[in-house]
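One-letter residues, chain by chain:
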Amino acid sequence: MKRSDIEKLFNSRQYSKALANLGRDGTSHWNDTVKLRCLRALGDRKQALANAKKLLSNIESQKTPYQLNDKESEEQYRFIALIFSEFGQANEACQIMKTLCENNPDSPALNREYAFALSNDDQLDDAEKYLLKALSEEPSNANTHAQLARIYCRTGRVNQGYNSYSRAASLEPNNPTFLQRLVYWSNYLERTTQRSNYQLSQLWAKNAFPKNQRGSNTWRTADPDKKLKVAFVSSDFCAHAVSFFIKPLLEGLRTESTMTVVAYSNTKTPDNITKEIESLCDVWRNSSALSDKELAAQISADQIDILIDLNGHTSGNRLAVFSKHISPIQMTWLGYPSTTGLKSIAFRITDDVADPINNQDNFYSESLIRLPNGFLCFEPYKDAPKITPSDNQGIIRFGSFNNLAKISSQTFDLWAQTLTTVPNSTLYLKRQQLKHNNARNNIIEEFNKRGISSDRLILKTSNAKIEQHLNEYNNIDIALDTSPYNGTTTTLEALWMGVPVITLSGETHVSRVSGSILHRLGLSNLSCKNTQSFANIAKELSENEKALSELRKNLRNTMRNSPLMDGNLFTQEFSAMLRKQWQEWCTERNIEDGLQAPTTTILGASK
Amino acid sequence: MSLQNTNSHIGRSIKKLYSRSVRALRRSNHKDALMLTQEIIGRQPDHPGAHAVQFSSLYKNKKFELARLMGNEAAKLNPKSVFILNNQACLELDNHNPAPAAQLLGSLIEQYGERAQWVYNLALAYELTGKYKEAISMYRKTLDQDPQHEKAARKLSQTLLLLGHFEEATQSFDYWRLLNSKSETSHSQYIHCATQSNNITQTSLNLELKLWEDRFIPKGQRYDIEDISTKDKISIGFIYSGFDYDWLDKIVIPVANQLSNDGDNITFYSNSRIESLDKDIPIVSTQRLTDANFARRVREDKIDILIDLCGMRKGNRQRAMGLQLASKQYSWLNHEGCFATPRVSALEQKLKQVFIAKAENDENNKKPWPNKTFAGIAGQNGLSYQVIKAWAAVLIKCPDWSLIINTQRLKSNRPETLSIITEQTEQLLLQRFSAAGVNRERISFNDNVEFDKNVIALDNFCNNDPVTLSNCLLRGSTIVTLKGELFPGQRNTQLMKQFEIQEQMCKTPSEFIERATALANGEEKLSPLKSLKKHQSKLADIKEFSKHFRKTIIS
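Worth saying up front: this structure is predicted, and the values here are computed from it rather than measured.

Definitions and cut-offs
- Residues numbered from 1 in each chain as written.
- Chains lettered and ligands numbered in written order.
- Predicted model: local features only at pLDDT ≥ 70, side-chain atom pairs only at ≥ 80, totals over all residues.
- Heavy atoms only, no water.
- Helix = DSSP H or I, 4+ residues; strand = E, 2+ residues; numbered from the N terminus.
- Rg over C-alpha atoms; globule rule 2.2 N^0.38 Å.
- Buried < 20%, exposed > 50% of the residue type's maximum accessible area, 1.4 Å probe, protein only.
- Contact = heavy atoms within 4.5 Å.
- Areas by Shrake-Rupley, 256 points an atom, 1.4 Å probe, with all protein chains shown as cover.
- Lys, Arg positive; Asp, Glu negative; His and termini not counted.
- Charge placed at Lys NZ, Arg CZ, Asp CG, Glu CD.
- Axes fitted to C-alpha atoms, helices over the stretch in contact; angles between N-to-C directions.
- Parallel < 35°, antiparallel > 145°, perpendicular 65-115°, else oblique.
- Left-handed = near helix turned anticlockwise from the far one by under 90°.
- Nonpolar A, V, L, I, M, F, W, Y, C, P; charged D, E, K, R; others polar.
- Expected span 1.5 Å × (residues − 1).
- Arc of directions from axis to C-beta.
- Pairing = 2+ DSSP bridges.
- pLDDT = per-residue confidence, 0-100.
- Phe/Tyr/Trp six-rings, centres within 6.5 Å; stacked < 30°, edge-to-face > 60°.
- Lys NZ or Arg CZ within 6 Å of the ring centre and 35° of its normal.

Draft legend 1. Region of interest: the overall build of chain A. Counting secondary structure elements, chain A contains 24 helices and 13 strands. Relative to its length of 607 residues, chain A is compact, with a C-alpha radius of gyration of 26 Å against a globular reference of 25 Å. Across its three principal directions, the C-alpha atoms of chain A cover 80 × 70 × 40 Å. Taken across its 607 residues, chain A has 58% of its residues classed as buried. Put simply, 69% of the contacts in chain A that link residues at least 6 apart link residues at least 24 apart. By element, 46% of the accessible surface of chain A is carried by carbon and sulfur atoms, the whole surface being about 25000 Å². For chain A, the distance from the average position of its 71 positive side-chain charges to the average position of its 66 negative side-chain charges is 2 Å.

The structure is reproduced here in structure tokens:
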């Protein structure tokens, strides 16, 4: 097959065909490069790495069956480094890119790619340095801005990250990926309102899917009592927070004879939890290698009645699939704390504490369904350590194990005010990213601005194992929540370890999740409205040793007996909600049936 | 022929005429459509259809003034015509008649619900009538309906900024540039707003400016400029845009007038009038000049030294300056501290000295400063959240104290509009203080605060006002200030250095709060400036300063 034909196959995403038609002996530079490109696109980690290593060794020992000029050689090195970076051998990638950068220090592309390797090797400080260098040479490269944004966000400087994504999006206004990153990260900013987030989400939807509209797939029998096919789509069926919440529901739904549960897993790196979740589903489909189009076709073929998205705008999402009306009812739940902006997703599942009934509903493209006992059901880690608080030696130990990106300026205000109000106290922060100097320095500097010296801060990188991680709660007396982006799993873990969590409840869903959790436990008194109240609650609690000790002793039981961990109740409410929506759809469908032939129709505004 | 028959004949003939007029309109044969409808109206003055066709014909034929004149009647007779109501409203807006426009649009929205363009037009009508809050709300609604409505995003940003909603304006400018990313204005206004409100870090600001230079300053093009040939008489151009701020009157104009008196050629390039400039100094109106034409004009004027007073604000000429229009190019006072082009540098760094014309307060009518009251030095319009947060923290720690905010009122040839803006900005500030836990009753406003030695003044450390600061210090008040993170918050640094009191600057917001509290509680003594006269004479010596200024800009 001619080169041009193979390129065509590659460009039309027919990677396997392209690969099959390549010359097998690797007799040209082009041949080797295309082979790597195909393997990368197919996500074939093993083969891609094996080929990259072989090629690297050939180039280094000058054993390639073809002559390479400097440019071609550099090109191959860069591609090999990219494969190494993406498939878990970033350290080797760094070595290759370092040499290339040393030979050509002013090349923005090399600096950017070196930064990519460094970033994947978790050397974020150096990656940042090289990205800034790349931008000084090439200030209008959207990808470089986006890479920098990612590092800023990972190291707790979300405002800067957001600004960088904004520059990337303004450089490539027709690229919805950058806009989607803006939508996602806007949830972390305290200046974001539900309205502004909705506006951005809508803008993204208009860019990414201009024809997206409210409607439904009507090619389904409108039988209100049929056995429903309910499907969940997620990239997080693995050791990820989403799994902790989906498991109790799936366990409950197993016993429901009125539903068939299907899972479309886009999980790139399956683990034991993936297996557990798989065993809880009636049908399991690994869709990680499927394109959006292929997945849409698969879902259509499976005749799913209710399709539930668990990603929203988080990475690995399949909103492109949801942008079409593949299933009669499409919903979003759990994985993302705001609107998707897609009119084709009719519902979003929440509760009346996280989303109180008010005019904010207008700023969701979905209609909100409020579950009566909370939108979450928690299953704690089975082998969680015992609650054995260590001696605090008279010093109140505040703590937060939340993602650094959630530590906004407002959070710094809350925590600094708390530390000022409770002078005899420290703040313990634990997170993997704290190993990076830029992340640590940012935290120290922000506290310093607020009059809190660094000797009151304990900054630790996280432990690898979950038991150790949970055990660290024994060294905390009171957990402080982040705002506006509340902790969810972190809040629940702290509570499970008997540590009370103080939260500031804001106006958006993302800033009310901990409030919703505390409400279910009868601890709404730990949720407040302003900085001073936050600090006052912390002070009162820290002065009341008895109350603290009672909480410590009883919280786990309180949780066990609350709706938060009542899987049966949650399943009942969830399945009743699904059935109700299905019945309403059937009624509406039957009315429409009398009016027109089945086709994709616009449903009456259910908002 | 009976009367009934006559009427029916006329009726038939009107119907025919009307059908012909509609056909003519559809064929864009506006001349015929007008003639036919005129004939119908002559026979039946209240014929709704004829009025509608006539209006549409005039409108589509771009005879806007005629359309507007007859539009109200057409709208009255056709109260359900979307086309007439909306377009008549637009014509009224164009003619600066916002009240009838708002009425028409209100009726339209009431009948048919909200549509992005109608809501946007209504917002424009509100803005023109000074109902800024309503305008903001309508611009937002427009974007709810149509998130890609670029004009609404721009107007929303500008209105928010006007009223001092700095953070919201920054966010809105950011959104606007997503919609109009090819426009240099969308980027520069975002940069300006974010910097003024300290909503961007220095690193991000540098990246923004680099990007701006890369995208908007033509590459490989620059004028060949010779060095300044004679130093006896030089041509100095000042670039200015916007309202008349205090610093223009107190700093720039005295210097420009003095240099002109001393024999240099001074030219102002401005998009607005400048009242207090000497009459023999020419003001070149730049409002309608493109950047290229502006560049040509400056070159024709043979300007040796160009001094920019805009930074990245609206109406800036950074693109033109990127072409090197003059031998030396500086930016002074109202900039971001770093520039989109390396061909401009900050004048402050070279000057190392500040001049501010002496304040002319009437000492005889001076009222005593009220007890237990802080003076707050605000910026031109409002305060950013960070400043409010710090001031509110001080007030919470000193519960018996109140605050008089010295608002620097803007001057304009539209004083009524400005008074509405000022009032609404003040309301906004009160709301924000209230949200920060400070009762509204503890805050008041005064555009001419009488500083004296008993005053403890709280500075706006995000966007400095050196004129008020010097006035405050020279009157013996004690200032609590903090070096800001970006240039707009660092302008006072130089002044404090000149007053030899730099060590009094706080380093962090928490230190700022502690110091203000300690001063209020008497734990720290007030620290009036020593040797006031020496400072006053040095600071306000225009002859001395202009010599220094001239020498510096030439060197």
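Draft legend 2. Molecular detail of the overall build of chain B. A tally of helices and strands in chain B yields 23 helices and 11 strands. Looking at chain B as a whole, 57% of its 555 residues qualify as buried. Across chain B, the fraction of contacts at a sequence separation of at least 24, relative to all contacts at a separation of at least 6, is 67%. Of the roughly 24800 Å² of accessible surface on chain B, a fraction of 48% belongs to carbon and sulfur atoms. Distance between charge centroids for chain B: 5 Å, based on 75 positive and 62 negative side chains.

Draft legend 3. Spotlight on the environment of Phe574(A). Its place among the elements puts Phe574(A) in helix H24 (residues 567-595). In this structure the C-alpha to C-alpha distance between Phe574(A) and Phe209(A), which are 365 residues apart in sequence, comes to 30 Å.

Draft legend 4. Quick look at the packing of helix H10 (residues 158-171) of chain A against helix H10 (residues 166-179) of chain B. Relative to each other, H10(A) and H10(B) sit at 25°, their axes nearing to 8 Å. On the basis of their axis angle, the class for H10(A) and H10(B) is roughly parallel. As H10(A) packs across H10(B), the resulting crossing turns out to be left-handed. Where H10(A) abuts H10(B), its residues Tyr162(A), Asn163(A), Ser166(A), Arg167(A), Ala169(A) and Ser170(A) lie against Asp174(B), Arg177(B) and Leu178(B). Across the contact of H10(A) with H10(B), the residue classes tally to three nonpolar, three polar and three charged.

Draft legend 5. Region of the structure containing helix H18 (residues 437-449) of chain A. Its 13 residues place the ends of H18(A) 18 Å apart at the C-alpha level, agreeing with the 18 Å of an ideal helix rising 1.5 Å per residue. Listed as buried for H18(A) are Ala439(A), Asn442(A), Ile443(A), Glu446(A), Phe447(A) and Lys449(A). Within H18(A), the buried residues cover an arc of 160° as seen down the axis, which keeps them to one side. Of the surrounding elements, those touching the buried residues of H18(A) are helix H17 (409-421), strand E9 (425-430) and strand E10 (457-460) of chain A together with helix H21 (509-520) of chain B. Residue Gly451(A) follows H18(A) closely and has a positive phi angle near 80°.

Draft legend 6. Representation of the side chain of Gln158(B) within the structure. If you trace the backbone, Gln158(B) turns up in helix H9 (residues 150-162). Look past the residues within four positions of Gln158(B) in its chain and what remains in contact with it is Phe173(B), Gln189(B) and Lys314(B).

Draft legend 7. Summary view of the sheet that holds strand E1 (residues 235-240) of chain B. Residues and elements named next belong to chain B. Read across the sheet, six strands follow the order E3-E2-E1-E4-E5-E6 without closing on themselves; strand pairing throughout is parallel. Two strands lie at the open edges of the sheet, namely strand E3 (283-285) and strand E6 (345-346), each paired on one side alone. Pairing between E1 and strand E2 (residues 265-270): six bridges, direction parallel. Bridge pairing in E2 places tyrosine 240 opposite serine 270. Packing of helix H14 (residues 291-300) onto the sheet brings it into contact with E1, E2, E3 and strand E4 (305-308), and relative to E2 it is tilted by some 170°.

Draft legend 8. Representation of unusual backbone geometry within the structure. With an omega of 5°, the peptide bond between Ser483(A) and Pro484(A) qualifies as cis. Position of Pro484(A) relative to the elements: it lies in the loop between strand E11 (478-480) and helix H20 (489-496). The phi angle at His96(B) is positive, at roughly 60°, despite the residue not being glycine. Tracing the backbone shows His96(B) in the loop between helix H5 (82-94) and helix H6 (98-112). Judged by its relative accessible area of 59%, His96(B) is exposed.

Draft legend 9. Layout of the sheet that holds strand E9 (residues 443-446) of chain B. Residue and element names in this part refer to chain B. With parallel pairing, the five strands of this open sheet are ordered in space as E9-E8-E7-E10-E11. Two strands in the sheet have a free side with no partner beyond their single neighbour: E9 and strand E11 (478-480). Sheet twist, expressed as the mean angle between neighbouring strand axes with direction ignored, is 30°. Summarising the sheet, strand E7 (residues 373-377) and strand E8 (residues 402-406) pair through five bridges and their orientation is parallel. Among the inter-strand pairings, alanine 375 is bridged to a residue of E8, identified as isoleucine 404.

Draft legend 10. Quick look at the confidence of the model for chain A. Looking at chain A as a whole, the pLDDT averages 92, with 97% of positions reaching at least 70. Note that pLDDT drops below 50 for residues 597-607 of chain A; the model gives that stretch 34 contacts with residues more than four away or on any other chain.

Draft legend 11. Fine view of the packing of aromatic side chains. This structure, assessed with the given rule, holds 34 aromatic pairs over all chains. With centroids separated by 5.3 Å and ring planes inclined at 75°, the aromatic side chains of Phe401(A) and Tyr428(A) adopt a geometry described as edge-to-face. With a gap of 27 residues between them, Phe401(A) in the loop between strand E8 (396-400) and H17 and Tyr428(A) in strand E9 connect regions that are remote in the sequence. Take Phe401(A) and Tyr428(A): they sit in the same class, and that class is buried. The rings of Tyr184(A), Trp185(A), Tyr188(A), Tyr336(A) and Tyr485(A) are connected pair by pair, giving a single aromatic cluster. A cation over a ring is seen here: Lys430(A) above Phe401(A), with NZ or CZ 4.5 Å from the ring centre. The ring of Tyr223(B) carries Arg299(B) above its face, with NZ or CZ at 5.8 Å from the centroid.

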